[in-house]
Amino acid sequence: MKNIHLPTIAIVLPCYNEEAALPLSIPVLQDILIRLKSDEKISEASFILCVDDGSSDATWETICALNKQNNDVKGVVLAHNRGHQYALLAGLMSAKDTCDAAISIDADLQDDPEAIVKMVDHFRAGIDIVYGVRQSRETDSWFKRTSARAFYKLQSLMGLQTVYDHADYRLMSKRALDILSEYQEQNLFLRGIVPQIGLSTAIVYYDRNERVAGESKYPLGKMLSFSIDGITSFTAKPMRYIFVLGTILLFIDLFVAIYVLVAYFCGHTVSGWSSIMLSIWFFGSLLLMSVGVVGEYIGKIFVETKHRPRFNIKETTDQSYDSADE
């Protein structure tokens, strides 16, 4: 028995300097859409939406050229580079009113696009959010594998709720997208926000592929920054840990003070330049670190209170055609 209503699916690709990858990845995604349409799992109106995050290469021109070849490929370009999370959010918010569900995937197709078929099956069965999760990290280098595990364990230790080995490869129903649109924070960490939505979820496992082209946009420095943003945007535990550490050090200081006083009155005091200097440097570093953690939170409060737009769309492929017609 055929479904009366076939869902419209949007595949959202955040893109930054992906002119080499898009001509390779878009045909793969188009083939998946064609198969799903022919199997009558999704509607003919389903489409691919590329979001150019203010690229410095010919990414936007590539998107427009792909759009001319096939109208199923659509695009928006941000007014300036805002980062992966903002570009992804811009794509999801642009697609949510014209689709029943949106699937986010990076343009390099390291996340296996074949998992999209299983995601759609889960959605048709009534699931609102389907996470794409890596099967294993056997293909990663030792450093990448170790740093990734540390990344997730640190988030868990700090009380951040995320899905282990899940990046931003997921399906979200229109209902989930509508709820996501109500989260107005400026410091975006979608991997932490989406689990808080609280609708029905499922997981699809897949194996990681090599990039179809180009270089990784997430070196170690960006990953560390991303982790810090996620932790400080969702939990105050770092400040609590600092308080606990300060309390422990206070008790240690009391015992040290008693020892020093006893030694002083017994006449056993010995001048120790090294121990004094080490103590000064240790507590000085601890204080600076504490101020830095608190500063992270104050900085985020500063950004949030401004209520600036999180992204600005400069142009869409539809607008490009309108301008050309004129």
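> Which parts of the structure should I look at to understand the overall build of the protein?
When you go through the protein residue by residue, the secondary structure sums to 11 helices and eight strands. The 326 residues of the protein split such that 42% are buried. Counting contacts in the protein only where the partners sit at least 6 residues apart, residues at least 24 apart contribute 84% of the total.

> Looking at this structure, I do not really get the side chain of D108. What am I missing?
The residue D108 is located in the loop between β4 (101-104) and α4 (115-124) in this model. Note on D108: relative accessible area 8%, which makes it buried. There is a polar contact of 3.0 Å between the side chain of D108 and the backbone nitrogen of Q110.

> Looking at this structure, how should I read the environment of Q161?
Considering the arrangement of structural elements, one finds Q161 in the loop between α5 (142-157) and β6 (166-173). Along the primary structure Q161 and P195 are separated by 34 residues, whereas in three dimensions their C-alpha atoms are 6.9 Å apart. The residues contacting Q161, other than those within four sequence positions of it, are R191, G192 and P195.

> Got a minute to help me understand the pattern of salt bridges in this structure?
Note on pairing: side chains with opposite charge can pair once their charged atoms come close. In the structure shown here, the tally under the stated rule is 12 salt bridges. D168 is the salt-bridge partner of R191, the closest N and O atoms lying 3.5 Å from each other. Of the two residues, R191 sits in helix α7 (residues 190-197) while D168 sits in strand β6, which places them 23 residues apart along the sequence. A relative accessible area of 7% places D168 in the buried class. Where salt bridges share partners, they join K96, D97, K174 and D178 into one cluster.

> Even after reading the chapter, I still don't get the pairing of strand β2 (residues 47-52), so can you show me in this structure?
Remark: a regular strand shows side chains that alternate across the two faces of the sheet. With six of six residues buried, β2 is to be regarded as a mostly interior element. Residues F47, L49 and V51 of β2 are buried on one face, and the alternating residues I48, C50 and D52, pointing to the opposite face, are buried as well. Both strand β1 (residues 9-15) and β2 contribute to a ladder of six bridges, which runs parallel. Among the inter-strand pairings, I11 is bridged to a residue of β2, identified as I48. Crossover handedness for the path β1 to helix α1 (residues 22-38) to β2: right-handed. As paired strands, β2 and strand β3 (residues 73-78) are joined by five bridges and run parallel to one another. Note on β3: the bridge partner recorded for V51 is V76.

> Explanation requested: unusual backbone geometry in the structure shown.
Glycine aside, residues mostly have negative phi, and peptide bonds are mostly found in the trans state. Positioned with a positive phi, E40 is a non-glycine residue whose angle comes to about 55 degrees. Structurally, the position occupied by E40 is in the loop between α1 and β2. For E40, a relative accessible area of 36% puts it in the partly exposed group. In this structure, L109 is a non-glycine residue whose phi angle is positive, near 60 degrees. Following the sequence through the fold, L109 ends up in the loop between β4 and α4.

> Looking at this structure, how should I read the packing of aromatic side chains?
Evaluation of the coordinates by the stated rule reveals one aromatic pair. Measuring from centroid to centroid gives 5.3 Å for Y169 and Y206, while their planes differ by 75 degrees, and the two rings are edge-to-face. Of this pair, Y169 sits in strand β6 while Y206 sits in strand β7 (residues 201-206); the two residues are 37 residues apart in sequence, bridging distant segments of the chain. Taken individually, Y169 and Y206 each receive the classification buried, so the pair is uniform in this respect. Taking the ring centre of F47 as reference, the NZ or CZ of K74 above it sits at 5.9 Å. It is R82 that lies over the ring of Y86; its NZ or CZ is 4.2 Å from the centre.

> For this particular structure, what's the right way to read the packing of α1 against α4?
When two helices pack together, you describe them by how their axes are tilted relative to each other and by the distance separating the axes. Two numbers describe how α1 lies on α4: the axes approach to 10 Å, and their chain directions differ by 40 degrees. As judged from the angle between their axes, α1 and α4 are oblique. Where α1 crosses over α4, the two elements pack in a sense that is right-handed. Only I116, V117 and V120 of α4 make contact with α1, whose side of the interface consists of L29, I32 and L36. Its residues assigned to classes, the contact of α1 with α4 comprises six nonpolar, no polar and no charged.

> Where do I start with a nonpolar patch on the surface in this structure?
On the surface, L154, L157 and Y241 cluster together into a nonpolar patch covering about 260 Å² of accessible area. For L154, a relative accessible area of 34% gives the class partly exposed.

> What is the right way to look at the environment of I48 in this model?
As for its position among the elements, I48 is in strand β2. When residues no more than four places from it in sequence are discounted, the contact partners of I48 are I11, L13, I26, L29, Q30, L33, D72, V73 and K74.

> Would you explain the pairing of β1 in this entry?
Buried residues dominate β1, accounting for seven of its seven residues. Here β1 shows two buried faces, one formed by I9, I11, L13 and C15 and the other by A10, V12 and P14. Strand direction decides the pairing type here: β1 and β4, joined by four bridges, are parallel. Paired with I11 across the strands is I103, a residue of β4.

Basis of the calculations
- Residues numbered from 1 in each chain as written.
- Predicted model: local features only at pLDDT ≥ 70, side-chain atom pairs only at ≥ 80, totals over all residues.
- Heavy atoms only, no water.
- Helix = DSSP H or I, 4+ residues; strand = E, 2+ residues; numbered from the N terminus.
- Buried < 20%, exposed > 50% of the residue type's maximum accessible area, 1.4 Å probe, protein only.
- Contact = heavy atoms within 4.5 Å.
- Polar contact = N/O pair within 3.5 Å; in protein donor to acceptor, adjacent residues only side chain to side chain.
- Salt bridge = Lys/Arg side-chain N within 4 Å of Asp/Glu carboxyl O.
- Pairing = 2+ DSSP bridges.
- Right-handed = clockwise from strand over helix to strand, strands pointing away.
- Phe/Tyr/Trp six-rings, centres within 6.5 Å; stacked < 30°, edge-to-face > 60°.
- Lys NZ or Arg CZ within 6 Å of the ring centre and 35° of its normal.
- Axes fitted to C-alpha atoms, helices over the stretch in contact; angles between N-to-C directions.
- Parallel < 35°, antiparallel > 145°, perpendicular 65-115°, else oblique.
- Left-handed = near helix turned anticlockwise from the far one by under 90°.
- Nonpolar A, V, L, I, M, F, W, Y, C, P; charged D, E, K, R; others polar.
- Patch = residues over 30% accessible without salt bridge, like charges linked within 9 Å, V, L, I, M, F, W, Y side chains within 5 Å.
- Areas by Shrake-Rupley, 256 points an atom, 1.4 Å probe, with all protein chains shown as cover.

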